[in-house]
Amino acid sequence: VDVTTEPISFTLPMNEATLIKDYSDTDLQYNETLGKYHAHLSVDLTSEDPTVMAIADGTVTDVSYKYLTGYTVTIEHMDGFVSVYSSLDEAVDVKEGDTVKKGDKIGAISTSAAGEATYGAHLDLKLYQNNEAVDPNNYLSLQEK
């Protein structure tokens, strides 16, 4: 039986997004809120439209809150990909176990991430493949925004 599966495709998590802080696993970046340098294994985005959308089809595996990262939604996708959306508003639109389609609303940006409070309302997006952090720029057209 010949089973052909489409490769995973991603969409941007926000409309008209502006990149505040880029991904870096090689150069340390200064965090104004915490007053220290660290690797930044995510991209921080903001927009006039606060809506945050799933970047690909998947299943919500976690909805949680932590002081430094704020309200967070984790979605498991095909091909070992996992996307993590932090600094969301507490009124998250999904719950653990939900199936989402690419572009579905999962929440809205906020200032819930105390560890990045000086950035204002924004989305902190992390992307993993096979439990390793990967640069979202390699999969999303972030630089076009």
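Everything below is about the structure shown above.
No experiment lies behind these values; they were computed from the predicted model shown. (Residues numbered from 1 in each chain as written. Predicted model: local features only at pLDDT ≥ 70, side-chain atom pairs only at ≥ 80, totals over all residues. Heavy atoms only, no water.)

Chemist: Account for the overall build of the chain, with residues named and values stated.
Modeler: Scanning the chain for helices and strands turns up zero helices and twelve strands. Counting from the amino terminus, helix and strand elements in the chain follow one another as β-β-β-β-β-β-β-β-β-β-β-β. A globule of 145 residues ought to have a C-alpha radius of gyration of about 15 Å, and the chain, at 15 Å, matches this closely. On the principal axes, the C-alpha backbone points of the chain span a range of 55 × 35 × 25 Å. Of all 145 residues assigned to the chain, the portion counted as buried reaches 41%. Across the chain, every contact between residues at least 6 apart in sequence was considered, and the portion connecting residues at least 24 apart equals 64%. Put simply, the chain shows about 7,800 Å² of open surface, and 47% of that area lies on carbon and sulfur atoms. Of the charged side chains in the chain, 9 are positive and 25 negative, and the gap between their average positions amounts to 3 Å. (Helix = DSSP H or I, 4+ residues; strand = E, 2+ residues; numbered from the N terminus. Rg over C-alpha atoms; globule rule 2.2 N^0.38 Å. Buried < 20%, exposed > 50% of the residue type's maximum accessible area, 1.4 Å probe, protein only. Contact = heavy atoms within 4.5 Å. Areas by Shrake-Rupley, 256 points an atom, 1.4 Å probe, with all protein chains shown as cover. Lys, Arg positive; Asp, Glu negative; His and termini not counted. Charge placed at Lys NZ, Arg CZ, Asp CG, Glu CD.)

Chemist: An account of the environment of E132 is needed here, citing residue identities and associated values.
Modeler: Along the chain, the position of E132 falls in strand 12 (residues 132-134). Distance in space between the C-alpha atoms of E132 and T72 is 18 Å, their sequence separation being 60 residues.

Worth remembering: the numbers are spatial, not functional.
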